Amino acid sequence: MTVPKVTTAEASGVGIDHGLDLAVIGNCRTAALIDPTSRIVWWCFPRFDADPVFSRLLAGDEEKGFSDVVLEGMADFKSDYVRNTAIVETTMSDKHGNAIRITDFAPRFRQFGRMFRPPQLFRIIEPVSGLPRIAIRVRPTHSYGKPLKRSSLGSNHIRYVEEESNFRVTTDAPIAMVENETTFVLTRPVHMVFGSDEQYPGDLAATAHSFKEQTQDYWLHWVRRLYISYDWQEAIIRAAITLKLSNFEETGGIIAAHTTSIPEAPGSGRNWDYRFCWLRDAYFVVKALNRVGATQTMEDFIGFTLSIASNTEELLKPVYSVVPNLPLDEWIAEDLKGYRGDGPVRIGNAAADQVQHDTYGSIILAAQPLFYDRRLPRPGGEKLFKLLERLGNKAAHYALKPDAGIWEYRGRQRVHTHSAAMCWAGINRLASIAGHLGLIDRAAYWNSVADPIQHELLEQAWNPKREAFTAAFGSDDLDASVLLLPDLGICEVDDPRFVKTVAAMERELLREKHMMRYAAEDDFGMPVTAFMICRFWLIDAWWAQGRKEEARELFEDAMAHRNRYGLLSEDVDPKTGALFGNFPQTYSMAGLILTGMKISRNWEDRYWRS
């Protein structure tokens, strides 16, 4: 009897709308996104910012760029991470009680004295009960959305080669069934590895299970060394793992998100490529991971930034590839229709050519713990301080000059309050570091540079008519980034001007419980979605001002917007609560950690007081 191919309708399920209900698996070299029915919908291969082998997430209504396991007659499914790991388990059952379990992961563990993190994904498919009937589908793409066709078939692998793209699936599943996407009865576990077009040595089943156990052990060990708060432990652990998965360990770069062109709002055209390292975003990630005791990422990131900053002849760019010298020219991928058909799909990011002065302060602030944290094997010294002084000179020069700002306006430049504040903060920290190193003359010098900048900033950013510190000097616009002024040290949280600023933002930027970045028209019109990181900044301000119950309530509401896997994107629709923007967003996950750790009860509170 001929077994028919599975249909798209059977694969997708009736009425299922996964949206950004996705999990990320990875190993600090490569990462993939998986939906709750185990479909791999996004995988850039062999690194974060490379051409996606699986691009279904941005393919609109085209059934291309994915791999999945289709259970015939599927009636129910559940999917979650294996506790405290980056391994995803999905269980699917049909109407007769037949069930399968799918385990997905990217190998990561120590081997031969070094970290083993190949650009590979592993999938284990096991029968759980009955005689489930499944089909396995593999439909890779190349060149951002062009179908990658099979070039040859082996006894246990399928090769895909076209132009400069090559890809191999090795499996002990029936190759003819996989090739033709036909249904078969799953009577034993089958295993798959996706990766480079190389012959796979050894026993695939034994290797898959060994790699899974070692990867699980790695993540469990990594998590047990974290320092976390009493409240929201699972959320903070998941956020920390997610931030770690955004670290391209070979160079130390930290990407802003794993995707490109998930729109900030439907039909907005605000579709950007975030698979690169923004120095300001990475600073927040480093700060968050340091807060939970994961210091290695900070050390790696400082190595990444110092290799860039050591070239004093060039101005710092706000964003770099994870391999810093690669170009980020922006172009449109015509073969991808976009997330839910909402294009364009942009590759590269023109923000690399913008002037954004806050980057100088971001690097100095990220490096500051190297001089104070006694746990580190290679603490910062005078040599590193002198290199940071070069950045301080740039920060002093550009602090009060126009730039594109933190929100990367493409059509205008102003003296942005946040940019000036970050430049000042970097200079201020240089004075502190100099004093710590016993360099009294340098401490006095940098204080003498910082003081007039702080005075000018407070004078020019304050708008008496608006009764608020505004987005830019001489501007009437409000901007949520100004909420960071006390944290940076520019003013005190009880400064009457800052208190009035918070009140103004509550009136004009708060939508129900969602915080807008700003409410003024920009290059793309009026913004309609709220920025999750801005909500965390508001919570921090409320907490510092003593509004603790309100702060905790707003944080609890933010936790409710995480997807089933505990992840956040960049934006949220204030009306529907739907997640938008690139995913998972490191800014948002870092904010979750920093704010959650700040407002949590501590362990003594839990044990000694009700």
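Residues numbered from 1 in each chain as written. Predicted model: local features only at pLDDT ≥ 70, side-chain atom pairs only at ≥ 80, totals over all residues. Heavy atoms only, no water.

A. Structural context of helix H14 (residues 548-559). An ideal rise of 1.5 Å per residue puts 16 Å on twelve residues; H14 measures up with 17 Å between its terminal C-alpha atoms. Among the residues of H14, Ala 551, Arg 552, Leu 554, Phe 555, Asp 557, Ala 558 and Met 559 are the ones counted as buried. Contacts from the buried residues of H14 go to helix H4 (233-244), helix H13 (532-544) and helix H15 (586-599). (Helix = DSSP H or I, 4+ residues; strand = E, 2+ residues; numbered from the N terminus. Expected span 1.5 Å × (residues − 1). Buried < 20%, exposed > 50% of the residue type's maximum accessible area, 1.4 Å probe, protein only. Contact = heavy atoms within 4.5 Å.)

B. Representation of the pattern of salt bridges. Scanning the entire structure with this criterion turns up 43 salt bridges. Residue Arg 29 pairs with Glu 250 through a salt bridge whose shortest N-O separation is 3.2 Å. With Arg 29 in the loop between strand E1 (23-26) and strand E2 (31-34) and Glu 250 in the loop between strand E20 (247-248) and strand E21 (253-254), this residue pair connects regions lying 221 residues apart in the sequence. Classification of Arg 29 as partly exposed rests on a relative accessible area of 27%. (Salt bridge = Lys/Arg side-chain N within 4 Å of Asp/Glu carboxyl O.)

C. Representation of the sheet that holds strand E11 (residues 121-129) in the model. The eight strands are arranged E6-E7-E8-E11-E19-E17-E16-E15 in an open sheet whose pairing can be described as antiparallel. Across the chains shown, the open sheet's two edge strands, defined by having one partner strand only, are strand E6 (74-81) and strand E15 (150-153). Averaged over all adjacent pairs, the angle separating strand axes in this sheet is 15 degrees, with direction ignored. For strand E8 (residues 99-105) and E11, the ladder comprises seven bridges, and the chain directions are antiparallel. From the neighbouring strand, Phe 105 faces E11, where its bridge partner is Phe 122. Across the face of the sheet, helix H3 (residues 204-224) comes into contact with strand E7 (88-94), E8, E11, strand E17 (165-171) and strand E19 (190-195) while running at roughly 100 degrees to E11. (Pairing = 2+ DSSP bridges. Axes fitted to C-alpha atoms, helices over the stretch in contact; angles between N-to-C directions.)

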